[in-house]
Amino acid sequence: MGVWNAASLLGLLALLHTWGARAYVEVNMEDKVEAVLGDPAQIACIFTSGEGTGGSGGMVIKWYYVKSSGNSQLIYDQDTLQKTVQKNTPYTDRITVNNTGTTGQVVLTISDVKLSDEVDFICHVQIIGEGTGEGRTKLRVFKAPDYPTIEGMENGISVNDEAKKIASCKVKNGYPKPEVTWYKDNTPLRTTPDVLNFEYRTTTGSSGLYSVESDLIMKVKKEDKDAVFYCEIRFFVPGAEKMFETNRINITVYYPPTAAKMWVESPKNKIKEDDTVELHCASNGNNPAQEFTIKTPNRSPSSAKIMVMKNVSRLDSGVYECIVLETENFGEFSANTTVFVNYLDDAIIEPKGTVLMEQNKELKASCNALASLNTKTTWLKNGKEVAKGHHLSLEDLTYDSAGTYVCVVTVPEIPEMQTSASLQVHVQGPPKILEKYFNEKETTEKELELTCHVRGHPTPQITWTTSEGKVISSASQTKTEVGAKSVVKVVVTSNMTIFCNSSNDFGTDSVMYNIKIIKAETSKPQEKVQTGSNGVIIAVIIICILLLAILGSVLYFLYKKGKICNRSGKKDFTKEKSGKDKIVVEMKSDNTEEAILLGVNGEKQLPSDQ
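Residues numbered from 1 in each chain as written. Predicted model: local features only at pLDDT ≥ 70, side-chain atom pairs only at ≥ 80, totals over all residues. Heavy atoms only, no water.

A.B. asks: Break down the overall build of the chain for me, citing the residues and quoting the values.
C.D. replies: When its secondary structure is counted, the chain shows three helices and 46 strands. Taken over 610 residues, the chain has a buried fraction of 35%. Considering only contacts in the chain between residues 6 or more positions apart, those separated by 24 or more positions represent 60%. When the accessible surface of the chain is totalled, it reaches about 36800 Å², and 51% of it is carbon and sulfur. (Helix = DSSP H or I, 4+ residues; strand = E, 2+ residues; numbered from the N terminus. Buried < 20%, exposed > 50% of the residue type's maximum accessible area, 1.4 Å probe, protein only. Contact = heavy atoms within 4.5 Å. Areas by Shrake-Rupley, 256 points an atom, 1.4 Å probe, with all protein chains shown as cover.)

Now the structure itself:
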C-alpha cells in the first residue's frame, strides 16, 4: 500500500510537471511611452500564452497605475462578460480600452495627458486554465517651454568693477526642466573663479511646469564692449531634443580714456565767414566720470563735448584745444585742431562810382577784392560778360559804351563766396534821338501815344511841340541809363505834325512825327473798283477780236488775188460757199445791248443776215 502510494505520488508529480510546462501567460510592454502635455497617450499591452493568444476558459484583463506611495490602484478591468472603468480615480473620464484581448493586444488610451500622469501603468492578464502575467510601462510627459527672453543691465558696467551680474536669461513653462547655456560670440561660456559664474533659479508653478532664470556674473574687459551675448535653451520633446536661442544683445562697458581727440564736425568742406562751425571734443574712453573743456583763441571756453560757433569770422581762426579730465583715476588728456576761416572782402573798383567820359576816348578800370583763396573776376553789362580779369578797358567810347558795368569776384574753391561792385559810365555828348528823323503815323483813333528815346550826357531835356510851335505840356520824361525817355499823348482831330526836341549842354536834336487820319472806307467805293476792273477785261477782249477780224480780211483779200493758192487742178471751195462763208464777229458791250456784226470786208451787218 505504501509502495502504491509512492508510485501514485510520483505519477501525479510527473503529470503536474507536464501541465505546468504548457500552462503560462507572457505579457510584453514598452519600458516607456512619451506624450505631449494635453495630447492623448496610448499604452499597448501584448500577451501570449501556451495555447496562443487566449485560453478556452476565458480571460480577465486589468489596468493599474502606481501611486506616488508605491501602491497600485485599479482603473480598469474586463472579463468575458463585462468591461468596467473604475469610478473615483484620476482616469475615470479619460481612459478607453480598444480591444477585448482576443488578438493578443490591448491598448489603453489616456486623453488630455497631464503632468500627474507621469507614472507607471500595469497591465495584468489572467487566462483561465493558463495562468497570469503582467507588465508595466512608464508614461513620460513633455511640454516645450515658451520662447526665452534675455536682457542686459540697464546701467553700464565698468572694467574697474568686480565680477557682477551683466545679463539675465528667462525661460518659462517647460517640462521637464529646460537647460540654459550662456554664449559669448558663438562660444559657450564656462565657469572661471572670480571672473565668470552663473546663477540659476528654478520655480514650479501651480501647473507643475518649470521656469528657469539664469544670471550671467562676469568681470568685464574693454573688449567686451563689442561682444555679443545670448542664451541657448535645450529641452526634450517626445523622441527628440530641441533648442531655442534668445536674441543677441550687447552690454555697455565703461572703460577709462587713454587719449583725447578733437575735430570739426561741420562744415565738412572749407570754412568761410558767416558759417556755423561745430567742434567736437572726445576721448577713446567712455567712462561717465569724464569732464570736457574746449579752449578757443578768441571766445570763452566751453565746458561741453560739443561747441557751436555761429557767424564765424576770420578772427575765429586759430588753434582749438580739447582737454579731458578722468575724475575716477584723475587722468588728464588733451588734443587740438586748427580752424581757418576763409574770407572775401568787398570788391573795390577804380575809378569809383560814376565816371564821365568823352566820346572816342578810352576808359580803363580795375576791380580787386582781398581774399584768403584765389579768386576769379568777371565784368558784366546788362547780364552779359564783357571782360575777364581784374582790368576793364573800353576804347573809342560811344553812346553804346555807356551803362552800368558790374565786377563779380568769386572763389572757385568755395562757390558760395562771391562779391560784386558796379561802375556807372556816362559818355558825354550832344543828344541823339534813337527814332528816325521823319516818322509817319497813320491812325483811325482820336488819341495817339508817341515815344521818344534820347541818348546823351548830361541828361537831355525833351520837349514836344506842334508845327505851330506850341509846347505840349502833358508829356512825361524819365531818366534812363544812357539818357532819357519821353512819352506824350496827342488828341488827333486832323492831319498834324508833332516834333520831339532834345537838348543838353553839348547840342540839340529833334525828330518829326507826321500824323494822318485814315477814314474808314465804305462798301460802295469798293463796288466801283470791282466794276472798273471788269470793264478793263472786256475792253481787252474786244481789241483782240478786232485784231482777228482784220487779219481774216487781209487773208481773204490775198486769196481773191491768187496770192495764196494755185487754182489749177484744185477745187474752188470758196465759190461753193461764197454765199455762206462769211466771217462774222459779234461785238457786245456791257453798257449796251446792241450787237454789231462785221463781215470779212469790215461791213456792218444786221443779225438777221447771218
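A.B. asks: Outline the sheet that holds strand 29 (residues 348-350), listing residues and values.
C.D. replies: Judged by pairing direction, the sheet is antiparallel, and its three strands sit side by side in the order 29-31-34 without closing on themselves. A single partner strand is all that each edge strand has here, and the edge strands are strand 29 and strand 34 (391-394). On average, each strand axis in the sheet is inclined to that of its neighbour by 15°, with strand direction left out of account. Strand direction decides the pairing type here: strand 29 and strand 31 (residues 363-368), joined by three bridges, are antiparallel. In the strand pairing of strand 31, I349 is matched with C367. (Pairing = 2+ DSSP bridges. Axes fitted to C-alpha atoms, helices over the stretch in contact; angles between N-to-C directions.)

A.B. asks: Describe the environment of K170, with residues and values.
C.D. replies: Relative to the helices and strands, K170 resides in strand 13 (residues 164-174). As for K170 and V180, which are separated by ten residues in sequence, their C-alpha atoms are 8.8 Å apart. In contact with K170, other than residues within four places in its own chain, are P148, T149, V212 and E213.

A.B. asks: I'd love a proper account of empty space enclosed by the protein, names of residues and values included.
C.D. replies: Evaluation of the coordinates by the stated rule reveals two cavities of 30 Å³ or more. Here the largest cavity is characterised by a volume of approximately 70 Å³. Taken together, Y399, A402, H426, V427, G456, H457, T459, K479, T480, E481, V482 and G483 make up the lining of the largest cavity. For the lining of the largest cavity, the elements supplying multiple residues, two or more each, are strand 36 (414-433) and strand 38 (447-457). Residue composition of the lining of the largest cavity, by class: four nonpolar, six polar and two charged. (1 Å grid on protein atoms, 1.4 Å probe; cavity = no way out; pocket = protein on both sides within 12 Å on 5 of 7 lines; lining within 4 Å. Points joined across faces, edges and corners; volume = space filled by probe spheres on them. Nonpolar A, V, L, I, M, F, W, Y, C, P; charged D, E, K, R; others polar.)

A.B. asks: Quick rundown of the pattern of salt bridges? Include the residues and the values.
C.D. replies: Applying the stated criterion to the full structure yields 23 salt bridges. Here the salt bridges share partners, and the residues they tie into one network are K165, R201, E213 and D215. (Salt bridge = Lys/Arg side-chain N within 4 Å of Asp/Glu carboxyl O.)

A.B. asks: Quick rundown of the state of the cysteines? Include the residues and the values.
C.D. replies: All told, the structure shown has four disulfides when counted by the stated rule. Shown here is the disulfide that connects C367 with C407, its sulfur atoms set 1.8 Å apart. Across the S-S bond of C367 and C407 the torsion is about -80°, and the bridge reads as left-handed. One end of the pair, C367, is in strand 31; the other, C407, is in strand 35 (residues 403-411), and 40 residues separate them in sequence. (Disulfide = S-S within 2.5 Å.)

A.B. asks: Now, about a nonpolar patch on the surface: what can you tell me, with residues and values included?
C.D. replies: On the surface, I543, L547, I550, V554, F557 and L558 cluster together to form a nonpolar patch covering roughly 570 Å² of accessible area. By the secondary structure assignment, I550 is in helix 2 (residues 523-560). Taking relative accessible area as the criterion, I550 reaches 53% and is therefore assigned exposed. (Patch = residues over 30% accessible without salt bridge, like charges linked within 9 Å, V, L, I, M, F, W, Y side chains within 5 Å.)

A.B. asks: Can you tell me about the side chain of Q78, naming the residues and giving the values?
C.D. replies: Within the element layout of this structure, Q78 appears in strand 5 (residues 72-78). For Q78, a relative accessible area of 4% gives the class buried. Within polar-contact distance, the side chain of Q78 engages the side chain of Y76 at 2.5 Å. (Polar contact = N/O pair within 3.5 Å; in protein donor to acceptor, adjacent residues only side chain to side chain.)

A.B. asks: Any chance you could break down the sheet that holds strand 19 (residues 240-245) for me, citing the residues and the numbers?
C.D. replies: Strand order in the open sheet formed by four strands is 15-14-18-19, with antiparallel pairing between adjacent strands. Of all strands in the sheet, those with a lone pairing partner are strand 15 (187-188) and strand 19, marking the two edges. Bridge count between strand 18 (residues 229-237) and strand 19: six bridges; the pairing is antiparallel. Bridge assignment links R234 to a residue of strand 19, and that residue is M243.

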